[in-house]
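Here is what each chain is made of, one letter per residue.
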Amino acid sequence: MKSYKMYINGEWVDAVSGKTMPTYNPSTGEEYGLVPVADKEDVDKAVKAASAALPEWAKKTQQDRAKLIMRLAAQVREHAEELVELEVYEHGTPVMLARGFAMAAADQLEYIASISRGLMGQVLPHSMPNTVGYLKRVPIGVCAVITPWNVPLMMMLSMVGPAAVTGNTCILKPASVNSILGVKFIELMGKAGFPKGVVNLITGPGGSVGDALSTHPGIDMIRFTGASDTGKVILKAASQTAKKCVMELGGNNPVIVCEDANVEKAAKMQAGRHYGNSAQNCSTPGRYYVHEKVYDKFVEVFTEEVKKIKVGLPWEESTGMGPMANKQQLERVNYLINTAKEQGARIVYGGEKPKDAALEKGFFLMPAVIADCTHDMTIAREEIFGPVGVILKFSSEEEVIKLANDSEYGLCAGVWSEDGAKALRMTDDLRVDSVFINMPRMMTSEFPWGGNVKESGVGKSDSVCGMEEFTDLKFICTSYDK
Ligand code: NDP
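Analysis parameters
- Residues numbered from 1 in each chain as written.
- Predicted model: local features only at pLDDT ≥ 70, side-chain atom pairs only at ≥ 80, totals over all residues.
- Heavy atoms only, no water.
- Near = heavy atom within 4 Å.
- Polar contact = N/O pair within 3.5 Å; in protein donor to acceptor, adjacent residues only side chain to side chain.
- Areas by Shrake-Rupley, 256 points an atom, 1.4 Å probe, with all protein chains shown as cover.
- Helix = DSSP H or I, 4+ residues; strand = E, 2+ residues; numbered from the N terminus.
- Nonpolar A, V, L, I, M, F, W, Y, C, P; charged D, E, K, R; others polar.
- Domains from an automatic or database assignment.
- Core = buried A, V, L, I, M, F, W, Y, C linked by side-chain atoms within 4.5 Å.
- Buried < 20%, exposed > 50% of the residue type's maximum accessible area, 1.4 Å probe, protein only.
- Contact = heavy atoms within 4.5 Å.
- Salt bridge = Lys/Arg side-chain N within 4 Å of Asp/Glu carboxyl O.
- Pairing = 2+ DSSP bridges.
- Axes fitted to C-alpha atoms, helices over the stretch in contact; angles between N-to-C directions.
- Arc of directions from axis to C-beta.
- Expected span 1.5 Å × (residues − 1).
- Buried area = accessible area lost by both parts, 1.4 Å probe.

Asker: Looking at this model, I keep getting lost on the site of the ligand. Mind explaining?
Answerer: If you check the shell around the ligand, you find 31 residues, and the closest are Ser176, Thr230, Glu248, Leu249 and Glu383. Within the contact set of the ligand, an oxygen atom lies 2.5 Å away from a side-chain nitrogen or oxygen of serine 176. Glycine 206 is positioned such that a nitrogen or oxygen atom in its backbone is 2.7 Å from an oxygen atom of the ligand. In the complex, the protein chains occlude 86% of the 910 Å² of accessible area that the ligand would expose alone. Among the elements of the structure, α7 (206-215), β11 (221-225) and α8 (228-239) are those that each provide at least two residues to the shell around the ligand. If you tally residues by element for the shell around the ligand, the top one is α7, at four residues. Partitioning the shell around the ligand into residue classes produces 16 nonpolar, 11 polar and four charged. Mapped onto the domain boundaries, the shell around the ligand takes at least three residues apiece from domain 1 (2-250 + 456-476) and domain 2 (253-408 + 412-446).

Following this line, the structure appears as C-alpha cells:
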C-alpha cells in the first residue's frame, strides 16, 4: 500500500509525530493508501508557511494569479485519468461520472481564472469637496479550507481556486476518507507553479486538525463545507479569534410536485438525477411532496426509472451507481431506512444490499424508493445523504409550503407545475437559497450556491459572489484639493 505525504512550504513532508492513517476503497472495504496524521505542530508549520508567502502573493497582479489557475486547469486536463482513478478507487464514483467531474473541474478552474480579472471595487461620492473615496478588493489573508468527502475534487478546487486567485494563501484539510485526492490536487498545484507556501496540505482527523486550524490565531478565514453540526463547532472555535467564516452546510431539500405538473416528466427527470454519486450531494432532494391527485402516478414512474439504475463496481463503464463512500454513511442510511419501515413507511423498491457476489465486501446499497412517508418520520426530518427517494402526499398549496419550510435547513427546493404564476408564488414562499422550477437541480459555476438560510450555510459559494467572499473591501480616501 502506498504512503503519501503532506505539502508544507513547497515540500512533501510526513507528520512530525510520524503517525499515519489509511483511506479505504469503498468498493472492497480494503485499505487503499496511507496519509499522515497531522497535529498542532504540523498545523502551526503550515500556518507559518502560508503567512510568510502572503505578502508577495497578495501583491502579484490579478493577471499573474489567474495565469497560474489556468495552468492548474491545464494540469487537471493533462492528469485527468489519474484524478478519475482516485475518484473511482478512493470514493467509489462510477468511472463515467468521474470523467465528467474531471472535465467539469478543469472548466470551473478556467471560469475562476477568467472572472477573477473582472472583480470590481467601488468609487463613492464623498461629502467633502475635491475628495474621492474608493473601495478596493484585497485578500482576506491566510485561509483554511476544510472540505467534505462527497464530491472531493470539485469541492477542493471550488474553494481553493477562488481563495488563491484573489490573493489569499491557503491550507487545505481534505476529508479523511479521501485525503489522497487532496494530495493529488495539491501536487497538480505544485506542478502548475504556485510559489511555495501559497497552498499547503494538512491531513488528519477533523476533530483535532480541524480544531487546530479553527482556533489558530494566524488564520484569518475558514472556508468550510460539511455538516451543519460540524459548521457550528467551527463557528464557535473560530469566534475566539474573530475569523471570517464562510460555510456551505447541510440540506433536506423539498421538491413539490403539484397536481397540474407534467408528472411523467417530473418523475423521470427527478429519478434520473437523484441517485448519481449515490445521492451523496447536498442538493439531492430529501423530500418529494406530491399532490394526492398525481401521487400514485409519480410513485410508479419514479420507481420504474430507479429500477433501470445499474449498481456495480465503479470502474466498470456500465455502472450507474457505485458504493457509498464510507462505512459510517452506509450504516446511517441503513438505520434511516429501517426506522422508516418501523414508523410505517412503504418500501416500494430497493434499500437492501445488492445480491451480486462481486459487491459483497463493499459499501453498496440498492437505490431505494420509500413512499407513504409522513412529515414527522425520521427519514423525512433528517438529511439522508444516501440513495433513498422519500415520497410524501399533500393536498393544498398552503399545506405543502408549511411542510416544506418546516426544517432546520434551507438550501434548495424544487417546484413542478404548469401554472407559471403558482410556481413563482411558491419561490417567494419557500425559505431556501435556490429554487428549481420544472427541472431537477442543476448547479453551474455561473450561479452562486448556498447562502444564509437557517442552518444551511453562512455566505455564498461559486460564481462571482462566492469569489467576493474571499476578499475584503478596503476603503481608501484621497483629497485632490489645491
Ligand atoms: P463533516 O462535517 O463530517 O466533515 C467535513 C470536513 O470537516 C471534513 O474534512 C472533516 O474532517 C472536517 N471536520 C470534522 N470535524 C471537524 C471539527 N471539529 N473542526 C473542523 N473540521 C472538522 O461532513 P461530511 O464530510 O460528512 O460531508 C457531508 C456533509 O456536507 C453533509 O451534511 C452535506 O450536506 C454537507 N455538504 C454541503 C454542501 C453545500 O453546498 N451546502 C456541499 C457538500 C456537502 P474528517 O473527514 O477528518 O472528519
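Still to come is the rest of the account.
Asker: Would you take a moment to explain the nonpolar core for this structure?
Answerer: One recurring pattern in soluble globular proteins: nonpolar side chains tend to sit buried together. The biggest cluster of nonpolar side chains holds 55 residues, and the ones touching the most others in it are Phe185 and Phe194. In terms of residue count, helix α5 (residues 152-165) provides more of this core than any other element does, 10 residues in total. The contact partners of phenylalanine 194, leaving out residues within four places of it in the chain, are Trp57, Leu68, Ile69, Leu72, Ala164, Met189 and Val199. Counting 33 residues, the second-largest nonpolar core is a separate cluster that includes Tyr289, Ala345, Cys373 and Leu430.

Asker: Where do I start with the environment of tryptophan 12 in this structure?
Answerer: Position of tryptophan 12 among the secondary structure elements: in strand β3 (residues 11-13). The exposure class assigned to tryptophan 12 is partly exposed, which follows from its relative accessible area of 34%. Excluding residues within four positions of it along the chain, tryptophan 12 makes contact with Lys5, Met6, Tyr7, Val183, Ile186 and Glu187.

Asker: In this structure, what is going on with the pattern of salt bridges? I would like to understand it.
Answerer: Once their charged atoms are close, side chains differing in charge can pair, the charge on each being opposite to the other. Applying the stated criterion to the full structure yields 25 salt bridges. The salt bridge involving glutamate 82 is made with lysine 184; its shortest N-O contact spans 2.5 Å. Placement of glutamate 82 in helix α3 (residues 80-91) and of lysine 184 in helix α6 (residues 179-192) is noted, with a sequence separation of 102 residues between them. Judged by relative accessible area, which is 10%, lysine 184 ranks as buried.

Asker: Mind showing me how you'd approach the sheet that holds strand β6 (residues 122-125) here?
Answerer: Pairing between the strands of a sheet is mediated by backbone hydrogen bonds and can be parallel or antiparallel. The strand order across the open sheet formed by three strands is β6-β7-β21, and the pairing between neighbours is antiparallel. Looking at which strands have only one partner, the edges of the open sheet turn out to be β6 and β21 (471-479). Mean inter-strand twist for the sheet, computed between neighbouring axes without regard to direction, equals 25°. The pairing of β6 with strand β7 (residues 131-139) spans four bridges and is antiparallel. For leucine 124, the partnering residue across the bridge sits in β7 and is glycine 133.

Asker: What am I meant to see in helix α13 (residues 397-405) here?
Answerer: In an α-helix, one turn spans 3.6 residues, which is why side chains three or four residues apart end up on the same side. Listed as buried for α13 are Val400, Ile401, Leu403 and Ala404. For α13, the angular spread of buried residues about the axis comes to 165°, placing them on one side. In this structure, α13 carries Glu398 and Lys402 as exposed residues pointing more than 90 degrees from its buried face. Packed against the buried residues of α13 are β13 (253-257), β14 (285-291), β17 (388-394) and α14 (420-429).

Asker: So what exactly am I meant to see when it comes to helix α2 (residues 62-78) here?
Answerer: Here α2 is 17 residues long and its end C-alpha atoms lie 24 Å apart, about the 24 Å a rise of 1.5 Å per residue gives. Those residues of α2 that are buried lie in contact with α1 (40-59), α3, α4 (95-116), α5 and α6.

Asker: Would you mind going over the domain arrangement of the protein chain with me for this structure?
Answerer: Interface size, as often reported, equals the accessible area lost upon joining of the parts. Taken domain by domain, the protein chain comprises domain 1 (2-250 + 456-476) and domain 2 (253-408 + 412-446). When each unit is reduced to the centre of its C-alpha atoms, the spacing between domain 1 and domain 2 is 30 Å. Each partner contributes to the interface: domain 1 provides 26 residues, whereas domain 2 provides 28 residues. For the domain 1 and domain 2 pair, buried surface summed over both sides reaches about 2,200 Å², with 57% attributable to carbon and sulfur atoms. When the buried area of domain 1 at its contact with domain 2 is split by residue, Pro26, Ser27 and Trp149 rank highest and sum to 24% of it. Seen at the junction of domain 1 and domain 2, the total is two salt bridges. Between arginine 99 and glutamate 317 there is a salt bridge, with the nearest N and O atoms lying 3.2 Å from each other. Between domain 1 and domain 2 we count eight residue pairs in polar contact (both at pLDDT 80 or more) in total. If you list the elements that add at least two residues to the side of domain 1 that touches domain 2, you get α3 and α4. The element contributing the most residues to the side of domain 1 that touches domain 2 is α4, with six residues. For the side of domain 1 that touches domain 2, the per-class residue count stands at 12 nonpolar, 11 polar and three charged.

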